[in-house]
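Breakdown of the fold
Below are the chains, spelled out letter by letter.
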Amino acid sequence: MSAYAIRYVDRAAARKAALPDAQHTSLEDLEKLLTLDPFGPPALSNRDNSWSAAFRGGFVTHVVSHRHVVVNVIDLVAL
């Protein structure tokens, strides 16, 4: 199976760009996991068509397009 690409919507991309280095590195580690399986751990179903996955100091909410093999990050929250 092909790895998924990850695409950020504008608001999530801006929040990603503002992350401190330690959180950014943790997010990159999470992205590697999501590209291989956006539905497996650490992703949790939100009981709709979206999923959430945590990284150190935050989490992302994403939806998946099977047609384009893309994980679309629709929100990123740094805590």
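Up top is the structure.
Residues numbered from 1 in each chain as written. Predicted model: local features only at pLDDT ≥ 70, side-chain atom pairs only at ≥ 80, totals over all residues. Heavy atoms only, no water.

Notes on the nonpolar core
Applied cut-off: By nonpolar core we mean a set of buried residues, namely Ala, Val, Leu, Ile, Met, Phe, Trp, Tyr and Cys, connected to one another through side-chain atoms within 4.5 Å. With a 1.4 Å probe rolled over the protein chains alone, any residue whose accessible area is under 20% of its type maximum counts as buried; one over 50% counts as exposed, and the rest are partly exposed. Strands here mean DSSP runs of E at least two residues long; helices mean DSSP runs of H or I at least four residues long; both are numbered from the N terminus. Should any heavy atoms of two residues lie within 4.5 Å, those residues are counted as being in contact.
With 13 residues, the main nonpolar core has Leu-27, Leu-30, Phe-55, Val-60 and Leu-76 as its most contacted residues. Mapped by element, the contributors of at least two residues to this core are α2 (21–36), β3 (50–55) and β5 (70–78). Other than its neighbours up to four places away in sequence, Leu-27 contacts Tyr-8, Lys-16, Leu-19, Phe-55, Val-60 and Leu-76.

Quick notes on the side chain of Gln-23
With respect to the helices and strands, Gln-23 occurs in helix α2. Not counting residues within four places of it along the chain, the set of residues in contact with Gln-23 comprises Phe-55, Arg-56, Gly-57, Gly-58, Ala-78 and Leu-79.

Re the pairing of strand β4 (residues 58–65)
Let me state the cut-off plainly: By this definition, two strands are paired if DSSP reports at least two bridges between them.
Burial analysis of β4 places 7 of its 8 residues in the buried class, the great majority of the element. Taken together, the 6 bridges between β3 and β4 define a ladder with antiparallel strand orientation. In the strand pairing of β4, Ala-53 is matched with Val-60. The antiparallel pairing of β3 with β4 creates a hairpin that spans 2 residues between the two strands, and Gly-57 there sits at a positive phi of about 85 degrees. Here 8 bridges tie β4 to β5, and the two strands are oriented antiparallel to one another. Across the sheet, the residue bridging to Val-64 is Val-71, located in β5. Counted between consecutive antiparallel strands, the loop separating β4 from β5 contains 4 residues, among which Val-69 sits at a positive phi close to 55 degrees.

Observations regarding α2
For clarity, the cut-off: What a helix should span is 1.5 Å times the count of its residues minus one.
Taking 1.5 Å of rise per residue, 16 residues should cover 22 Å, and α2 covers 23 Å from first to last C-alpha, within 8% of that figure. Looking only at α2, the buried set comprises Gln-23, Ser-26, Leu-27, Leu-30, Glu-31, Leu-34 and Thr-35. In this structure, the buried residues of α2 make contact with β1 (5–8), α1 (10–17), β3, β4 and β5.

Take it as geometry only, folks, not as evidence of what the structure does.
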